[in-house]
Amino acid sequence: MEKLDRGLVAVKVSGGVFVSWRLLGTEPSGISFNLYRNGTKVNASPITSSTNYLDPSGTISSSYTVKAVLNGTEQAASAAVTPWGQNYLTVPIQKPAGGTTPDGVAYTYSANDASVGDLDGDGKYEIVLKWDPSNSKDNSQDGYTGNVYIDAYKLDGTRLWRIDMGKNIRAGAHYTQMMVYDLDGDGKAEIALKTADGTKDGTGQVIGSSTADYRNSAGRILTGPEYLTIFAGATGKILTTVNYDPPRGNVNDWGDNYGNRVDRFLATIAYLDGERPSLVMARGYYTRTVLVAYNWRGGSLTKLWTFDTNSSGNSAYAGQGNHNLTAADVDGDGKDEIVYGAMTVNDNGQSLYNTGLGHGDALHVGDLDPSKAGLEVFKVMENTGATYGAAVWKASNGAIQWGVHTGSDTGRGMAADIDPRYPGEEVWASSGVGLYQINGTKITSTVPSINFGIWWDGDLSRELLDDNHIDKWNYTNSTTTNLLTASGTASNNGTKANPALQADLLGDWREEAVWRTTDSTALRIYTTTDVTSTRLYTLMHDPLYRLDIAWQNVAYNQPPHTSFYLGTGMSTPAAPNIYVTP
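What you are looking at is a predicted structure, and each value in this text was computed from that prediction instead of being measured.

The rules behind each value
Residues numbered from 1 in each chain as written. Predicted model: local features only at pLDDT ≥ 70, side-chain atom pairs only at ≥ 80, totals over all residues. Heavy atoms only, no water. UniProt positions renumbered as here; feature names shortened; annotations may be inferred. Helix = DSSP H or I, 4+ residues; strand = E, 2+ residues; numbered from the N terminus. Salt bridge = Lys/Arg side-chain N within 4 Å of Asp/Glu carboxyl O. Phe/Tyr/Trp six-rings, centres within 6.5 Å; stacked < 30°, edge-to-face > 60°. Buried < 20%, exposed > 50% of the residue type's maximum accessible area, 1.4 Å probe, protein only. Core = buried A, V, L, I, M, F, W, Y, C linked by side-chain atoms within 4.5 Å. Contact = heavy atoms within 4.5 Å.

### Let's talk about the UniProt feature "domain: Rhamnogalacturonan I lyase beta-sheet" (unreviewed entry) in the chain
Thought 1: Per the UniProt record, "domain: Rhamnogalacturonan I lyase beta-sheet" (unreviewed entry) is found at residues 1–84.
Thought 2: Helix makes up 0% of residues 1–84 and strand 40%. Its end C-alpha atoms lie 29 Å apart.

### Quick word on unusual backbone geometry
Thought 1: Note the cis peptide between Asp245 and Pro246, where omega equals 10°.
Thought 2: Residue position: Pro246 is located in the loop between β18 (238–243) and β19 (265–270).
Thought 3: With an omega of 0°, the peptide bond running from Thr581 to Pro582 counts as cis.
Thought 4: Despite not being glycine, Asp467 shows a phi value in the positive range, around 60°.

### As for the pattern of salt bridges
Thought 1: Scanning all chains against the criterion turns up 27 salt bridges.
Thought 2: Arg162 is paired through a salt bridge with Asp151; the nearest N and O atoms lie 2.7 Å apart. Pair noted here: Arg162 is in strand β14 (residues 159–164) and Asp151 is in strand β13 (residues 149–153), with a separation of eleven residues, a long-range link.
Thought 3: Note that Asp213 and Arg215 form a salt bridge whose closest N and O atoms lie 2.9 Å from each other.
Thought 4: Several salt bridges converge on common partners, so that one network encompasses Lys194, Glu226, Arg248, Asp263 and Arg283.

### A few points about the packing of aromatic side chains
Thought 1: Tallied over the full model, the rule gives ten aromatic pairs.
Thought 2: Ring geometry for Tyr88 against Tyr526: centres 4.9 Å apart, planes inclined by 40°, an arrangement best described as tilted. Of this pair, Tyr88 sits in strand β8 (residues 88–92) while Tyr526 sits in strand β42 (residues 522–526), and the two are 438 residues apart along the sequence. In this structure, Tyr88 and Tyr526 share a single accessibility class: buried.

### Brief notes about the nonpolar core
Thought 1: Residues Leu279, Leu291, Ile338 and Tyr340 are the most contacted members of the largest nonpolar core, which totals 47 residues.
Thought 2: By residue number, the principal contributor to this core is strand β21 (residues 290–297), which donates six residues.
Thought 3: Residues within four places of Ile338 in sequence aside, it is in contact with Thr268, Ala270, Val280, Leu291, Leu325, Thr326, Ala327, Met343, Thr344 and Val345.
Thought 4: Among the nonpolar cores identified, the runner-up in size contains 40 residues, and Phe18, Leu460, Ile549 and Met570 belong to it.

Structure, rendered in structure tokens:
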């Protein structure tokens, strides 16, 4: 996994300066820390029980470093930081110029979903950002769109490169899925994207024909070549391009004849061998479903396997995918499987199990029930004839633990520990499902927002993120209290109202939220300033959580989960079984 630096962050608050830093997943449990302000140690004895500190004597002009203490010996100091003047960092971004479609419709651009990776090997995250035009389309809609752009930024706003996806890649949530990850272990992340004729890399190199235009009169691209391209993270330069597998073939084979379901794409990173990351690209989930796994190693892209519901023995797996997916070691063999909605594909590309519950819009995989071994899945279903509109099952074998019949399209579902009175995570969903304990006992018919959960304040419960605000669930009276409203920012993707990104990007184990400003001239990275006595490894060194961040931008964005139960009453998690590169 990534070799990260200390991620030190300082924020000026009313009581001084709040300082926070990472505990790395490769560090021993006995490590402690000393914090320095302007070269003078501020703590009387090494800090052992947390990785944050409120310095009452700190000022906006103070300079902070932190040093790890190992076996009584101080290690090298972190890079120095000065406090932010507020609880967010502004990252300037460069909005593309708008344009006009062939049918005369003008469009502008807004910053959309983002991902992160260490693109240049300096131990710090860079942001990879997708720009969507104002005429971006759902697959069900006809119409031309503007080009999609992919940018890379350092946290000071330095733009590293821009990739122009070209006129033969349509704009919309289901077309471009950004995979940002160090696939070859050289310490620098690559970018994997579905591309086409006219895609221009970060150095100006064009893939295929620069003049080809495969858009039909409805603005759809249903002919012409399709590619998979690996780009260098540091420069945006093309490293290799191959034909996209599976090809679209006959549009009718994917569930309709006008180009909706043929262009439903998903992607994830997975440790299929249990040691090194692989790339999984997918097409289709309403009917035919195909997943293809690759390795990018030693400058070569090699195909590992293909799972196709048209193949012998796989026909029952058709129509089971979601608008999202998860890579997780569901069977405890040390290798990741792909939870593809209501069914799961094994690490070797063979079928593992199929619940048969069908397509849905929300999916959550994690240690939702700490009283039972292994991971659980909570998912909602779209088919009105599904046995359950929302259900919990064992991630290892698909054994359904319980479910709620709705008889309707249950479009929203969420899992998080928001009520400390009950063990494990709570789950809740729309369509009148209500709020439940993880064992299937109903708590209340009143539900909070059904969008994202975020570890934000000082306790172990998870808070609620929806649109541009973070709220706390008041479990005694089933109401919420607002903790943060990010004024001047906007969420993405219409009613989905997700942030550009939510992840443990800086400081201690709690998560940051990244929103675009309303005018899309900047991203803001918001961080908590609540002191906590809980000390955990950075969540980005938890394998399940890190992969969840990699696919968070895919289609219908979902919040990340950890491989261990993180909530009230949790046990101390084991150190992650990882190594860092290079």
